[in-house]
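Survey of secondary and tertiary structure
As a plain string of letters, each chain reads:
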Amino acid sequence: MKADTHPDYHMIKVQMTDGTTFETRSTWGSEGETLVLDVDPTTHPAWTGGNQRLSEGGRVAQFNKRFGGLTLKKD
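These notes cover the structure that comes with them. Given the structure is predicted, the values throughout are model-derived calculations rather than measurements.

In the sheet, strand β1 (residues 10-15) pairs with strand β2 (residues 21-26) via 6 bridges, with the strands oriented antiparallel. Within the sheet, the bridge partner assigned to Ile 12 lies in β2 and is Thr 24. The loop that links β1 with its antiparallel partner β2 comprises 5 residues; one of these, Gly 19, has a positive phi angle of about 100°.

Here you go:
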């Protein structure tokens, strides 16, 4: 194996949005630094079941909203 090809793997602290912290190993930052999260499983709607924007729909809903009134009429 080649020498010095892998990043440094060390202990860091991770601070959740509610202020709790835990230690883990990572290649982020340097030894002893604290990674402060903006979004985590306690606040993200995908995990909390919060407000989802399904009513606005995706591409098909946008198409139907824009062209839904058009019809093909035979004379």
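On we go.
Glancing now at the packing of aromatic side chains. If you walk through the whole model with that rule in mind, you get 1 aromatic pair. Ring geometry for Phe 63 versus Phe 67: centroids 5.1 Å apart, planes at 45°, classification tilted. Taken as a pair, Phe 63 and Phe 67 lie in helix α2 (residues 59-67) at a separation of 4 residues, close to a single helical turn. The class of Phe 63 is partly exposed, set by a relative accessible area of 49%. With a relative accessible area of 34%, Phe 67 lands in the partly exposed category.

Rules used in this analysis
- Residues numbered from 1 in each chain as written.
- Predicted model: local features only at pLDDT ≥ 70, side-chain atom pairs only at ≥ 80, totals over all residues.
- Heavy atoms only, no water.
- Pairing = 2+ DSSP bridges.
- Helix = DSSP H or I, 4+ residues; strand = E, 2+ residues; numbered from the N terminus.
- Phe/Tyr/Trp six-rings, centres within 6.5 Å; stacked < 30°, edge-to-face > 60°.
- Buried < 20%, exposed > 50% of the residue type's maximum accessible area, 1.4 Å probe, protein only.

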